[in-house]
Amino acid sequence: MKIFRSLAELPPDFGPSAVTIGNFDGVHFGHRQILRRVTAVAAEHGWKPSVLTFDPHPTRVVAPNRTPPLLTSPQRRAALMEEEGIAQVLILPFTPELALLTPEEFVRRLLVDAVGARAVLVGDNFRFGHKAAGNVRVLAELGVKLGFTTEVVPAISCRGRVVSSSGIRELIRAGSVSLAARFLQHAYGVEGEVVSGRGVGSKQTVPTLNLATAAEVIPASGVYVTRTRDLDNAREWRSITNVGYRPTFGASDQLTIETFLLDPLEGDTPARIRVEFLRRVRAERKFDTPEHLRAQILKDVHAAQNYFRRAKAWTGRECISC
C-alpha cells in the first residue's frame, strides 16, 4: 500500500481511481463493505482502489466539543484498509481552509483534480463541504457534471443493530469486546510501549507486561482473554489482560493495562505491543491478600486456555468472535 499525507505528495499517476471518502474510524464491518466494493469496481475497470481520509478528525477543527474518541490511528486504519485490497490512501490534513470549501469546490479539487476519481463510493449518510451542505444526492449530481459515477453502499446491520463507530465505542467501554469484534470483523486492540510497573506483580502474583498507551477508547475495567502482538516483529502470544486500578495493592487513580503471556516469551521482552481484546472474563475486584489474587489469576489463566482451545476446535482459529 502507498500512503500519502498531502496533496503535494500525490504522484501524477495517482488516478484514475475508484475512491471512497470518510473517516473510517475502526474500519468496521460497514466500512469494509464499502472498501470491498471499491476494490471490485477498480478491478473491473483497471482503476486504482483508493481511499481519501482525514487527520485530524474534521470535528476537531469545526466542532472540537463534539469530537469523538477515536478507535484507530490513521496508520492502523490504513493497515486495515490494505486487508480489503485498497492500494493507496491519501491521509489529508483537515484544516480550517478545507472546512470552508463548498461541496462543488471539495469535489473538483479533491476528487477530480487530486485523485482522478472515475467512481466515488460512499455510505448513505455521507456529508461533505462547508457546513456539511453536500449529501449523496449532491455528490451524484456533481458526478454527472464532472465525469464520475457515484455508488451509495447501504449501512450494515448485525444482531439487529446498525454497525457504527459510535456504537462500537459504547460496546468496548462497556466491556463487550466480543460483540465489538463481530461489528469490527477484527478484535479491538490498543497499542503502545511496554513500561516498568511497580514490581509488585512479579514478586507477589505473576509477571506481566505493562502497557502504556495513548489509545482514546479503553475497555471497561476487568480481566480479558487477549492476544498480544510484538509491533516490531512477527511474534505473538495468547494472553490474559487486566485493565484496572489494582485495588488489592491499594487505591490508585492510575489505570493500568497488565498482560500475562500464556505462551513462552522466547527472546527479549518486546518494546512495543498491541493487545487485542477477545472476551471479557470477569470484572476487576479487590482480594484480601496477594495470595488470593494469585489463585484467581490462575483460574483466569485456565479460563483463557479453555477459550483458545474451544475456539480452535469450533472455528479453526484462536478467536471465536472475529
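These notes cover the structure that comes with them.

**Brief notes about the nonpolar core**
Next up, step 1: The biggest cluster of nonpolar side chains holds 29 residues, and the ones touching the most others in it are Leu52, Val107, Leu111, Val115, Val120 and Leu139.
Next up, step 2: Elements with a minimum of two residues in this core: strand E2 (17-21), strand E3 (48-55), strand E4 (88-93), helix H4 (96-99), helix H5 (103-114), strand E5 (117-123) and helix H6 (136-146).
Next up, step 3: Take this core: its biggest share by element is five residues, from H5.
Next up, step 4: With residues up to four places along the chain from it excluded, the contact list for Val115 reads Leu10, Phe14, Gly15, Ser17, Val19, Leu90 and Leu110.
Next up, step 5: Core analysis: the second largest hydrophobic core is formed by 27 residues, Leu71, Val177, Ala180 and Ala220 among them.

**Quick notes on the sheet that holds strand E9 (residues 188-195)**
Strand pairing in a sheet takes place through backbone hydrogen bonds and is either antiparallel or parallel in direction.
Next up, step 1: In spatial order, the strands read E9-E10-E13-E12-E11-E14; together these six strands close into a barrel with antiparallel pairing. For this sheet, the mean angle separating the axes of adjacent strands, direction not counted, is 45°.
Next up, step 2: Here strand E11 (residues 222-230) runs beside strand E14 (residues 272-282); their pairing, made up of eight bridges, is antiparallel. Note that in E14 the partner of Val225 across the bridge is Arg279.
Next up, step 3: Along the sheet, helix H8 (residues 177-184) makes contact with E9, E11 and E14, crossing E14 at roughly 120°.

**Some details on the packing of aromatic side chains**
Next up, step 1: Across all of its chains, the model carries seven aromatic pairs by this definition.
Next up, step 2: An angle of 90° between the planes, with centres 5.6 Å apart, marks the rings of Phe54 and Phe94 as edge-to-face. Pair noted here: Phe54 is in strand E3 and Phe94 is in the loop between E4 and H4, with a separation of 40 residues, a long-range link.
Next up, step 3: Given a relative accessible area of 6%, Phe54 falls into the buried group.

**Points about the side chain of Thr228**
Next up, step 1: Of note, Thr228 is situated in strand E11.
Next up, step 2: Side chain to side chain, Thr228 and Ser239 meet in a polar contact 2.8 Å long.
Next up, step 3: Setting aside chain neighbours within four positions, we find Thr228 in contact with Arg235, Glu236, Trp237, Ser239, Thr259, Leu261, Ile273, Arg274 and Val275.

**Observations regarding the pattern of salt bridges**
Next up, step 1: Enumeration according to the criterion identifies 19 salt bridges in this entry.
Next up, step 2: Put simply, Arg238 and Asp263 hold a salt bridge, and the shortest N to O gap is 2.8 Å. Of this pair, Arg238 sits in strand E12 (residues 236-244) while Asp263 sits in the loop between strand E13 (256-261) and E14, and the two are 25 residues apart along the sequence.
Next up, step 3: What makes Asp263 partly exposed here is its relative accessible area of 21%.
Next up, step 4: Overlapping salt bridges, with partners in common, bring together Glu191, Arg227, Arg229, Glu236, Arg274 and Glu276 in one network.

Calculation rules
Residues numbered from 1 in each chain as written. Predicted model: local features only at pLDDT ≥ 70, side-chain atom pairs only at ≥ 80, totals over all residues. Heavy atoms only, no water. Core = buried A, V, L, I, M, F, W, Y, C linked by side-chain atoms within 4.5 Å. Buried < 20%, exposed > 50% of the residue type's maximum accessible area, 1.4 Å probe, protein only. Helix = DSSP H or I, 4+ residues; strand = E, 2+ residues; numbered from the N terminus. Contact = heavy atoms within 4.5 Å. Pairing = 2+ DSSP bridges. Axes fitted to C-alpha atoms, helices over the stretch in contact; angles between N-to-C directions. Phe/Tyr/Trp six-rings, centres within 6.5 Å; stacked < 30°, edge-to-face > 60°. Polar contact = N/O pair within 3.5 Å; in protein donor to acceptor, adjacent residues only side chain to side chain. Salt bridge = Lys/Arg side-chain N within 4 Å of Asp/Glu carboxyl O.

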